[in-house]
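Close look at the chain arrangement
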Amino acid sequence: MPSFYQKTIKREIQFKGVGLHSGKKVNMKLVPASPNHGIVFKRTDLKSKNLISAVFDNVSKAVLCTNIQNEFGVTVSTIEHLMGALYGEEIDNLLVEIDSSEVPIMDGSAKEFIHQIRAAGTKNYDTSKKFIKVLKKCELVIDKKFISIEPHENDLKIDFEIVYKNQLISKQRKSISLSKDDLDPVYNSRTFCLFEDVAEIKRLGLGIGGSLENAVVVGDDKILNDGGLRYKNEFVMHKILDCMGDLMLANYKILGKIKCSQGGHQLTIALLKEFLSDSKYFSVVEFKEKKLPNSSFYSRPVAASA
């Protein structure tokens, strides 16, 4: 069972890197935040209107990465690996100061985020944590892609399947329980792409900062990175990391089971919007099953002014 009390980090953490899609250098700082603050990004390269709450209804794009935007059109993209790390480590409140429009890709995984968060340590508040408890199954089917969420007691379980024509990826399936399983292999699994898709990604103006240092590139019959894969099922485990990061945008941790086949950012965000649009699917609860009004889900954290 996850922690029942809200949590932040004990001290500030700094990261330097490059944006995977923008190619721009970026400095990012994680700053401890008070209870009920939530996860809020602050664009420090802008003087005003620079706060963006990391919640699903602020998602503006979900093509190859997750992009959030505030009411003034200010954005931050590729937030999913950091958000996945925060989900797994149960960090509820944080100010993310960033001087560019994209979270640094680091090595393509959440490994460095996790290392620094654990080194800094976490702080528990005496403020209770709210959870989204799944009451009824909700599912989406788009072409051959499928995702569902259904009741599952006292934990989040993710059952993910990928299917690729490429023989090195092929079909992989992995199921994890967030409170019971070792999540390090998920955190350590890197983003990936097919070599044949690189030109199209570049044509779209994306992947400018991509390299073999921050992404696994898959050829027809071999992995192009020196050292190959970290895990035989690294591909599907990275998809689980992405899924965790997108689920973090629900604002509260979820008690339920996610099942997905051939999905990605767009499908996960579409599920969140469908699922959280109707109170028949969920309730918001605290420890000891204290019921809260469903409308309380929509009250957003109030961030400090810029």
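Please refer to the structure placed before this passage.
Predicted model, so just to flag it, every value in this text is computed and none were measured.

Let us look at the overall build of the chain. When its secondary structure is counted, the chain shows 6 helices and 20 strands. Taken over the C-alpha atoms alone, the chain extends approximately 55 × 45 × 35 Å along its principal axes. Per-residue burial over the chain gives 54% buried out of 306 residues. Considering only contacts within the chain whose residues lie at least 6 apart along the sequence, 72% involve residues at least 24 apart. Working note: accessible area of the chain is about 14000 Å², and carbon and sulfur atoms make up 48% of it. Here the chain contributes 44 positive and 38 negative side-chain charges, whose respective centroids are spaced 2 Å apart.

The calculated volume of the largest pocket comes to roughly 1300 Å³. Considering the residues around the largest pocket, the lining is formed by 49 residues, among which Leu64, Tyr164, Phe192, Cys193 and Lys239 are closest to the centre. Breaking the lining of the largest pocket down by element, the ones donating at least two residues are helix 1 (80-88), strand 14 (156-163), strand 16 (192-194), helix 4 (198-203), helix 5 (234-247) and helix 6 (265-275). Top contributing element to the lining of the largest pocket by residue count: helix 5, with 5 residues. Along the lines of polarity and charge, the residues of the lining of the largest pocket split into 22 nonpolar, 15 polar and 12 charged.

A few words on unusual backbone geometry. The phi dihedral of glutamate 90 falls on the positive side, at around 60°, and the residue is not glycine. Along the chain, the position of glutamate 90 falls in the loop between helix 1 and strand 9 (94-98). Despite not being glycine, methionine 106 has its phi angle at roughly 55°, a positive value. Looking at where methionine 106 falls in the secondary structure, it is placed in the loop between strand 9 and helix 2 (111-120).

Turning our eyes to something else, we now look at helix 1. In terms of residue burial, helix 1 counts as a mostly covered element, since 9 of its 9 residues are buried. Listed in full, the buried residues belonging to helix 1 are Glu80, His81, Leu82, Met83, Gly84, Ala85, Leu86, Tyr87 and Gly88.

By the definition in use, this model includes 15 salt bridges. Across the pair glutamate 90 and lysine 129 runs a salt bridge whose closest N-O atoms are separated by 3.5 Å. Here glutamate 90, found in the loop between helix 1 and strand 9, pairs with lysine 129, found in the loop between strand 10 (122-128) and strand 11 (131-134); they are 39 residues apart in sequence, far enough to count as distant. Neither glutamate 90 nor lysine 129 differs from the other in exposure class; each is buried. A salt bridge links glutamate 161 to lysine 171; its shortest N-O distance comes to 3.5 Å. Note that glutamate 161 is positioned in strand 14 and lysine 171 in strand 15 (residues 171-177), a separation of 10 residues in sequence.

The complete set of buried residues in helix 2 reads Phe113, Ile114, Ile117 and Ala120. With its buried residues spanning 135° around the axis, helix 2 presents them on a single face. Phi turns positive, to about 85°, at glycine 121, one or two residues after helix 2.

Once that is clear, we can look at a nonpolar patch on the surface. A cluster of nonpolar residues, Phe195, Leu212 and Leu224, forms a patch on the protein surface that exposes about 270 Å² of accessible area. Its location among the elements puts phenylalanine 195 in the loop between strand 16 and helix 4.

The strand order across the open sheet built from 3 strands is 6-7-8, with neighbouring strands paired in antiparallel fashion. Across the chains shown, the open sheet's two edge strands, defined by having one partner strand only, are strand 6 (59-61) and strand 8 (75-77). Direction aside, the axes of adjacent strands within the sheet are offset by 35° on average. By the bridge criterion, 2 bridges tie strand 6 to strand 7 (residues 67-69) in an arrangement that is antiparallel.

With that settled, consider the nonpolar core. Core analysis: the largest hydrophobic core is formed by 77 residues, its most contacted members being Leu30, Phe41, Ile158, Leu249 and Ile254. With 8 residues, the top contributor of residues to this core is helix 5.

The rules we used
Residues numbered from 1 in each chain as written. Predicted model: local features only at pLDDT ≥ 70, side-chain atom pairs only at ≥ 80, totals over all residues. Heavy atoms only, no water. Helix = DSSP H or I, 4+ residues; strand = E, 2+ residues; numbered from the N terminus. Buried < 20%, exposed > 50% of the residue type's maximum accessible area, 1.4 Å probe, protein only. Contact = heavy atoms within 4.5 Å. Areas by Shrake-Rupley, 256 points an atom, 1.4 Å probe, with all protein chains shown as cover. Lys, Arg positive; Asp, Glu negative; His and termini not counted. Charge placed at Lys NZ, Arg CZ, Asp CG, Glu CD. 1 Å grid on protein atoms, 1.4 Å probe; cavity = no way out; pocket = protein on both sides within 12 Å on 5 of 7 lines; lining within 4 Å. Points joined across faces, edges and corners; volume = space filled by probe spheres on them. Nonpolar A, V, L, I, M, F, W, Y, C, P; charged D, E, K, R; others polar. Salt bridge = Lys/Arg side-chain N within 4 Å of Asp/Glu carboxyl O. Arc of directions from axis to C-beta. Patch = residues over 30% accessible without salt bridge, like charges linked within 9 Å, V, L, I, M, F, W, Y side chains within 5 Å. Pairing = 2+ DSSP bridges. Axes fitted to C-alpha atoms, helices over the stretch in contact; angles between N-to-C directions. Core = buried A, V, L, I, M, F, W, Y, C linked by side-chain atoms within 4.5 Å.

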